[in-house]
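Commentary on secondary and tertiary structure
Below are the chains, spelled out letter by letter.
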There are 2 protein chains.
Amino acid sequence: MKSLVGSPGTVSGLLLRLGQCLFAAASIGVMVSSSGFSNYTAFCYLIASMGLQVLWSMGLACLDVYALRIKRDLHNPVLVSLFVVGDWVTATLSLAAACSSAGVTILFARDVRFCSRGLDLSCSRYQISISCAFVTWALIAKSSLVMFWLLASV
Amino acid sequence: MKSLVGSPGTVSGLLLRLGQCLFAAASIGVMVSSSGFSNYTAFCYLIASMGLQVLWSMGLACLDVYALRIKRDLHNPVLVSLFVVGDWVTATLSLAAACSSAGVTILFARDVRFCSRGLDLSCSRYQISISCAFVTWALIAKSSLVMFWLLASV
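Owing to the predicted nature of the structure, the values given are computational and were not obtained by experimental measurement. (Residues numbered from 1 in each chain as written. Chains lettered and ligands numbered in written order. Predicted model: local features only at pLDDT ≥ 70, side-chain atom pairs only at ≥ 80, totals over all residues. Heavy atoms only, no water.)

The next point concerns the overall build of chain A. When helices and strands are tallied, chain A shows 4 helices and 0 strands. Beginning at the N terminus, the succession of helices and strands in chain A can be written as α-α-α-α. Expressed as lengths along the three principal axes of its C-alpha atoms, the size of chain A is roughly 55 × 25 × 20 Å. Residues classed as buried in chain A amount to 49% of the 154 residues present. In chain A, once contacts between residues fewer than 6 apart in sequence are set aside, the share between residues at least 24 apart is 80%. Accessible area for chain A stands at about 6,900 Å²; split by element, carbon and sulfur atoms hold 69% of it. (Helix = DSSP H or I, 4+ residues; strand = E, 2+ residues; numbered from the N terminus. Buried < 20%, exposed > 50% of the residue type's maximum accessible area, 1.4 Å probe, protein only. Contact = heavy atoms within 4.5 Å. Areas by Shrake-Rupley, 256 points an atom, 1.4 Å probe, with all protein chains shown as cover.)

All names here are of chain B. A full pass over the atoms with the stated rule returns 2 disulfides over all chains. With its sulfur 1.8 Å from that of its partner, Cys115 forms a disulfide with Cys123. Every disulfide takes its handedness from the sign of the S-S torsion; for Cys115 and Cys123 that torsion is -80°, giving left-handed. Cysteine Cys21 is unpaired, with the sulfur of Cys62 as its nearest cysteine sulfur at 8.2 Å. The thiol of Cys132 is unpaired, and the distance to the nearest cysteine sulfur, on Cys21, comes to 14 Å. (Disulfide = S-S within 2.5 Å.)

Facing 22 residues of chain A, the contacting portion of chain B comprises 22 residues. Summed over both sides, the interface between chain A and chain B buries roughly 2,000 Å², with carbon and sulfur atoms accounting for 81% of that surface. For the pair chain A and chain B, the number of links is 0 salt bridges. Contributing elements (two or more residues each) for the side of chain A that touches chain B: α3 (77-111) and α4 (123-152) of chain A. At 12 residues, the largest contribution of residues to the side of chain A that touches chain B is made by α3(A). Grouping the amino acids of the side of chain A that touches chain B by side-chain chemistry returns 15 nonpolar, 6 polar and 1 charged. (Buried area = accessible area lost by both parts, 1.4 Å probe. Salt bridge = Lys/Arg side-chain N within 4 Å of Asp/Glu carboxyl O. Nonpolar A, V, L, I, M, F, W, Y, C, P; charged D, E, K, R; others polar.)

Our focus in this paragraph is unusual backbone geometry. Positive phi, normally seen in glycine, also occurs at A:Arg113, with a value near 50°. Counting through the fold element by element, A:Arg113 comes out in the loop between α3 and α4.

Let us now look at the pattern of salt bridges. Residue and element names in this part refer to chain A. Summed over all chains, the structure comprises 2 salt bridges over all chains. A salt bridge links Arg17 to Asp87; the shortest N-O distance between them is 3.0 Å. Of the two residues, Arg17 sits in helix α1 (residues 11-32) while Asp87 sits in helix α3, which places them 70 residues apart along the sequence. For the pair shown, Arg17 and Asp87 are each scored as buried.

The terminal C-alpha atoms of helix α2 (residues 41-69) of chain B, which comprises 29 residues, lie 42 Å apart, in line with the 42 Å expected from a rise of 1.5 Å per residue. Of the residues one or two after α2(B), B:Lys71 is the one with positive phi, at around 50°. (Expected span 1.5 Å × (residues − 1).)

Under the UniProt annotation, the feature "domain: Casparian strip membrane protein" (unreviewed entry) is placed at residues 7-139 of chain A. Strand forms 0% of residues 7-139 of chain A and helix 77%; the C-alpha atoms that close the span are 13 Å apart. (UniProt positions renumbered as here; feature names shortened; annotations may be inferred.)

Let's shift gears to the relation of the copies chain A and chain B. You can overlay chain A on chain B at an RMSD of 0.0 Å; the transform is a turn of 180° with a shift of 0.0 Å along its axis. Both chain copies can therefore be described as sitting about a two-fold axis. Residue A:Ser100 of chain A places its C-alpha closer to the rotation axis than any other residue of that unit, at 2.0 Å. Comparing contact sets, 100% of the residues at the interface of chain A also lie at the interface in chain B, consistent with an isologous, same-surface contact. (Least-squares fit on C-alpha atoms with pLDDT ≥ 70 in both.)

Right, let's talk about the nonpolar core for a bit. Residues A:Phe43, A:Phe108, A:Tyr126, B:Phe43, B:Phe108 and B:Tyr126 are the most contacted members of the largest nonpolar core, which totals 43 residues. Elements with a contribution of two residues or more to this core: α1, α2 (41-69), α3 and α4 of chain A together with α1 (11-32), α2, α3 (77-111) and α4 (123-152) of chain B. The residues touching A:Tyr126, leaving out its near neighbours within four places in the chain, are A:Met31, A:Ser34, A:Ser35, A:Gly36, A:Phe37, A:Tyr40, A:Phe43, A:Thr105, A:Phe108 and A:Leu121. Of all hydrophobic cores here, the second largest spans 20 residues; its members include A:Val80, A:Trp88, A:Phe148 and B:Val80. (Core = buried A, V, L, I, M, F, W, Y, C linked by side-chain atoms within 4.5 Å.)

The next subject is the UniProt feature "transmembrane region" (unreviewed entry) in chain A. When the UniProt feature table is mapped onto this chain numbering, "transmembrane region" (unreviewed entry) sits at residues 40-66, 78-108 and 128-152 of chain A. In the segment residues 40-66 of chain A, helix accounts for 96% and strand for 0%; the C-alpha atoms at its two ends are 40 Å apart.

Quick look at the packing of α1(A) against α2(A) now. All names here are of chain A. Interhelical geometry of α1 versus α2 gives an angle of 155° and a closest axis separation of 8 Å. By the angle between their directions, the pair α1 and α2 is classed as roughly antiparallel. With respect to the hand of their crossing, α1 and α2 are arranged in left-handed fashion. A per-class count over the contact of α1 with α2 returns 20 nonpolar, 6 polar and 2 charged. (Axes fitted to C-alpha atoms, helices over the stretch in contact; angles between N-to-C directions. Parallel < 35°, antiparallel > 145°, perpendicular 65-115°, else oblique. Left-handed = near helix turned anticlockwise from the far one by under 90°.)

Another point: the environment of B:Ala42. Relative to the elements of secondary structure, B:Ala42 occurs in helix α2. Using a relative accessible area of 7% as the deciding quantity, one classes B:Ala42 as buried.

Following this line, the structure appears as C-alpha cells:
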C-alpha cells in the first residue's frame, strides 16, 4: 500500500484525527451553550452526530499514537477496510447533521426572520456550531478519501 | 481497469443513470406541485440541486447509450477522473439538499407542529419529494464509489 498524507499510523494522519476531535468538540460545546437548542430535532441530531465523531476520531488518534510509538505499520487490508467503513459512515452522518442544522438556521435567519425578532434563539451560536461541524466534515472527508484510495490501490 | 456493476459504458451503468434522472425529476415535480415551497430557501435549494443532478445524469446516460451502440470502452483514466469529480460534487450537493430540506420538514412536522395546525403547507408532498431526493443520493453515491474505485485501481 502506498503512503499518502493523512494515512493511518503517520503524523499527518494523527493531526487530521486530532483536528476532527477538536472541531467536533467545539461544535458540541457551542451548541450546548446556546439557548433553546433542545427544542429542535436537527440541533439534537447535530450534537449526537458530533459526539459519535469525537469518539471515532479519538479512538483512531490513540491507535495512530500507538502505531507511531512502536513504529508499527497500520497499512493492512483488514484494518483499512474497517477504517473505510467507519470513516464513510461518520462522514455521511456529519454532513447530514451539519446540513439539516444549516437548513433550520437559514429558515430562522432568512425565511421567517425569527433571529431578528428578539426571540429566545442564539442564532450566532448556532451558526458557529454549524461552521465547526462543516470543518469537521471536511477533515473526515479527507480521511475517508485517503482510506478508500489506500484500500482500492491494494 | 476492472469492470464493475454500474461502471460507465455498461447496461448497469446506464440503468443507474436513468434511475438517478427519474428520482431527481420526481423530487422536483412533487416539490414544485406543493404549495408554499418557494418561501423556504432549503426547498428551493433542493430543486436547484436535483435540477443539476438531472442534467449531469442525463448527460452521462447519453454517453452510455453512445458507448453501448458503437461498443466503445469508456474506461480511460482522463474520462473516469472527470466522472469522479462530477459524481462526487453532485452526490455531496444532493445529500446536502436532501438533509437541509429534511431538517426543515422535521421542524415543521415535529418541533413546531405547523403541519397539524392546518397552515398552508403540503407536508406530505415535502416528505415524498425529500424521499425521492434521498433515493437519488443513494444511486449517485453508488456511481461515485464505482468511479472512485475504478480510478484508484488503475
